[in-house]
Amino acid sequence: MAETGKRRISILGSTGSIGVNTLDVVSQLGGRDAFDVVAITGNANVTLLAEQAIACGAALAVTADDAHYDALKSALSGTGIEVAAGRAALIEAGARPSDLVMAAIVGTAGLAPTLAAAERGADIALANKECLVSAGELFVRAVAEGGGRLIPVDSEHSAIFQSLEDDQHHAVERIVLTASGGPFRTWSREEMAGVTAEVARAHPNWSMGLKISIGSASMFNKALEIIEAKHLFNIRPDQIEVIVHPQSIIHSMVGYQDGSVIAQLGSPDMRTAIGYALTYPERPKLNVERLDFAKLARLDFEAPDEVRFPALRLARTALERGGAQGAIMNAAEEMAFHAFCAGRIGFLTMADVVEDVMDAMMGHAATTMDAVFAADAEARRVADEIIDKREMAA
Ligand code: NDP
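Residues numbered from 1 in each chain as written. Predicted model: local features only at pLDDT ≥ 70, side-chain atom pairs only at ≥ 80, totals over all residues. Heavy atoms only, no water.

Draft legend 1. Up close: the sheet that holds strand 11 (residues 261-265). Spatially, the four strands line up as an open sheet ordered 9-8-10-11, and their pairing is mixed. Unpaired on one side and paired on the other, strand 9 (240-244) and strand 11 mark the two borders of the sheet. The average angle at which neighbouring strand axes cross in this sheet is 20 degrees, direction not considered. Against the sheet, helix 7 (residues 155-163) touches strand 8 (172-179), strand 10 (250-256) and strand 11, its axis set at about 40 degrees to strand 10. (Pairing = 2+ DSSP bridges. Helix = DSSP H or I, 4+ residues; strand = E, 2+ residues; numbered from the N terminus. Axes fitted to C-alpha atoms, helices over the stretch in contact; angles between N-to-C directions. Contact = heavy atoms within 4.5 Å.)

This is the structure:
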């Protein structure tokens, strides 16, 4: 806590969907009267980053891309806000003393800066699931050794975190991750084969960044969440169930050995989970839509279809194989996502690419962060080759 009594916060990925919602929550919770914003970071959206820095009074604004340094510098000239760019500056943003870091960069790019924050003992509000998918136990250990808390932001994991009773971990039988099923929940594989990124990004319930929206359509997001849940809650993979729940009202549940199931419900609005992570264990008043049960009328559930959505099976394979398979799966999925968005491969080919890369890279260990970063880099190289071949064959 700062001498002023305010909470010192840094927001990695402030220009994204989670970042913008985080700044909204910060403002709802008192803005500058309640928080000192130590650092905010973005990548390409320099205009928004500069606007945010001025509005929230950030001490430091960082763009991940050196090419945007001059634009950011000139947008913030005369404000007294420190400006920096590049990978090292991003890590510095995580490493600067603050009480809490919102980790909301998309992809593996978020791992090193979030790790820097964890190692110095900041509380981590974790939206960037890739930290856990890629670095799993190493990341959890870094947080524990640093002495901070790891508070999930992903709505499903926040729901589980909220439904887990203190000291009753031994009584947990299963956790049930809910999935909306995305825009293609009822589509056949033939129908999905030809979709574009524009169509795939249209999520029925949530408004989110591009990567997670496409990941919701392919269910790769849920696949990453299975691995995230395993590491966050230190639970066996066979205790993690996925259930499709199209209304996205139940955000996830915990089943106990006495047959009870405790769930967390709410409108599909990330600000509830963000507010909880920012103020845990408090529940501050937030201006989000309240559930109207009479209007809801019904909640539906159906089993996920792992034939139409093979991503779920791949997550379980990655957990069974262990080692660096999480990092490999995550890196391959990022590459496949970019290739799909660029129109190089089809929607269904994303899963084929990921499976091929995972199979090609069996036996890689993940005993150190260097090994994780090496597996990530190698998986990207292998994925690139596979995507090239698949593109030429199409
Ligand atoms: P967005 O794509 O909306 O935002 C991503 C953020 O990361 C932006 O600030 C972006 O900067 C920045 N960024 C992009 N590339 C890089 C890079 N190479 N280096 C550093 N920063 C970069 O993503 P979301 O907010 O949707 O998601 C962020 C994370 O939160 C993801 O891990 C996602 O899975 C997770 N999450 C998101 C949810 C949601 O509702 N959106 C829900 C649950 C989890 P810029 O925009 O300036 O280019």
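Draft legend 2. Region of interest: the pattern of salt bridges. In the structure shown here, the tally under the stated rule is 29 salt bridges. Between Arg-381 and Glu-378 there is a salt bridge, with the nearest N and O atoms lying 2.8 Å from each other. You can see Arg-381 and its partner Glu-378 sitting in helix 17 (residues 369-393), three residues apart, about one turn around the helix. Note on Glu-378: relative accessible area 26%, which makes it partly exposed. Here the salt bridges do not stand alone but share partners, grouping Lys-129, Asp-154, Glu-156, Lys-222 and Glu-225 into one network. (Salt bridge = Lys/Arg side-chain N within 4 Å of Asp/Glu carboxyl O. Buried < 20%, exposed > 50% of the residue type's maximum accessible area, 1.4 Å probe, protein only.)

Draft legend 3. Region of interest: unusual backbone geometry. Residue Pro-281 is bonded to the preceding Tyr-280 through a cis peptide linkage, with omega at 5 degrees. Even without a glycine there, the phi angle at Met-219 is positive, about 70 degrees. As for its position among the elements, Met-219 is in the loop between helix 10 (210-218) and helix 11 (220-233). Using a relative accessible area of 3% as the deciding quantity, one classes Met-219 as buried.

Draft legend 4. Structural view of a nonpolar patch on the surface. Together, Leu-265, Phe-293, Leu-299 and Phe-301 make up an exposed nonpolar region whose accessible area comes to about 350 Å². Position of Phe-301 among the secondary structure elements: in the loop between helix 13 (293-296) and helix 14 (311-321). (Patch = residues over 30% accessible without salt bridge, like charges linked within 9 Å, V, L, I, M, F, W, Y side chains within 5 Å. Areas by Shrake-Rupley, 256 points an atom, 1.4 Å probe, with all protein chains shown as cover.)

Draft legend 5. Examining the packing of helix 7 against helix 11 more closely. Interhelical geometry of helix 7 versus helix 11 gives an angle of 30 degrees and a closest axis separation of 10 Å. Of the possible angle classes, the one that applies to helix 7 and helix 11 is roughly parallel. Handedness of the crossing formed by helix 7 with helix 11: right-handed. Packed against helix 7, whose contacting residues are Glu-156, His-157, Ile-160 and Phe-161, the element helix 11 presents Lys-222, Glu-225, Glu-228, Ala-229, Leu-232 and Phe-233 at the interface. Classifying every residue of the contact of helix 7 with helix 11 gives five nonpolar, one polar and four charged. (Parallel < 35°, antiparallel > 145°, perpendicular 65-115°, else oblique. Left-handed = near helix turned anticlockwise from the far one by under 90°. Nonpolar A, V, L, I, M, F, W, Y, C, P; charged D, E, K, R; others polar.)

Draft legend 6. Fine view of the sheet that holds strand 6 (residues 123-126). One open sheet holds the seven strands; their spatial order is 4-3-2-1-5-6-7, and the pairing between them is parallel. Edge strands, defined here as strands with exactly one partner in the open sheet, are strand 4 (82-85) and strand 7 (150-152). With direction set aside, neighbouring strand axes in the sheet form an average angle of 20 degrees. Examined bridge by bridge, strand 6 and strand 7 share three bridges and lie parallel to one another.

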